[in-house]
Amino acid sequence: MSCVHCLGPIRYQRHNKVLFALNTVLGWKGIPRKVNPPEPLPEKERGGADMYVFIGNTVTMIDVTIVKDRAESDDGRSYSYRMTEAVILKKKKYADAVAATGWHFVPFVMSIY
């Protein structure tokens, strides 16, 4: 088993590594992007997309999420359910920003394992 408090920093490190990998690949292809933009979501003081990607007149917000496959998972929820749940929650979180800006949103969800 893994301690939920100990895994937090590990997820954050993996989050940043995934974000760095996406940034690197997009850079290889010459695609303009902005990592860790300072702008928060509408009606929020902080928090927002991890990256903006600019292709033509289209702006795409990307938010990287690392899902932990809980060792203490006795809630009966499957691994695929937790991954799908993370995508749905991220889409809900960004729905107002998408509606307000007309931009696109991509939830990039991965497992910690």
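Conventions and cut-offs
Residues numbered from 1 in each chain as written. Predicted model: local features only at pLDDT ≥ 70, side-chain atom pairs only at ≥ 80, totals over all residues. Heavy atoms only, no water. Pairing = 2+ DSSP bridges. Helix = DSSP H or I, 4+ residues; strand = E, 2+ residues; numbered from the N terminus. Axes fitted to C-alpha atoms, helices over the stretch in contact; angles between N-to-C directions. Contact = heavy atoms within 4.5 Å. Core = buried A, V, L, I, M, F, W, Y, C linked by side-chain atoms within 4.5 Å. Buried < 20%, exposed > 50% of the residue type's maximum accessible area, 1.4 Å probe, protein only. Salt bridge = Lys/Arg side-chain N within 4 Å of Asp/Glu carboxyl O. Phe/Tyr/Trp six-rings, centres within 6.5 Å; stacked < 30°, edge-to-face > 60°.

Read across the open sheet, the four strands follow the order β1-β2-β3-β4; overall the sheet is mixed. The sheet is open, and its two borders are formed by β1 (33–35) and β4 (104–111), each paired with just one other strand. Averaged over all neighbouring strand pairs, the angle between strand axes comes to 20°, with direction disregarded. Taken together, the eight bridges between strand β3 (residues 58–67) and β4 define a ladder with parallel strand orientation. Bridging from a neighbouring strand, Val64 pairs with Phe108 of β4. Helix-sheet contacts for helix α2 (residues 79–101) involve β3 and β4, and the interaxial angle to β4 is about 155°.

Looking now at the nonpolar core. One finds Val18, Leu19, Leu26, Met51, Val53, Ile62, Val64, Ile66 and Ile112 forming the largest nonpolar core, which totals nine residues. Those elements that place two or more of their residues in this core are α1 (4–28), β2 (51–55) and β3.

Right, let's get into the pattern of salt bridges. Following the criterion strictly, the structure yields one salt bridge and no others. Measuring nitrogen to oxygen at the nearest pair gives 3.3 Å for the salt bridge that ties Asp63 to Lys90. Taken together, the residues Asp63 in strand β3 and Lys90 in helix α2 connect sequence positions 27 residues apart. In this pair, the class of Asp63 matches that of Lys90, namely buried.

Okay, the packing of aromatic side chains next. Applying the stated criterion across every chain yields a total of three aromatic pairs. Ring centres 5.2 Å apart and planes at 70° place the aromatic pair Tyr52 and Trp103 in the edge-to-face group. Here the residue Tyr52 occupies a position in strand β2, and Trp103 occupies one in the loop between α2 and β4, the gap between them amounting to 51 residues. With a relative accessible area of 8%, Tyr52 lands in the buried category. Using a relative accessible area of 28% as the deciding quantity, one classes Trp103 as partly exposed. Between Tyr94 and Phe105 the ring centres are 4.1 Å apart and the planes differ by 15°, which places this aromatic pair in the stacked class. Here Tyr94 is found in helix α2, whereas its partner Phe105 is found in strand β4, with 11 residues between them in sequence. Summarising the burial analysis for this pair, Tyr94 and Phe105 share the class buried. Linked through ring pairs, Tyr52, Phe54 and Trp103 together constitute an aromatic cluster.

Next up on the list: the pairing of β2. Note: β1 against β2, three bridges, orientation antiparallel. Opposite Arg33, over in β2, you have Val53 as the bridge partner. Pairing analysis gives five bridges linking β2 to β3, with the strands arranged antiparallel. Looking at the pairing, Phe54 lines up with Val59 of β3. A loop of two residues connects β2 with β3, the two strands running antiparallel in sequence, and Gly56 in this loop sits at a positive phi of about 65°.

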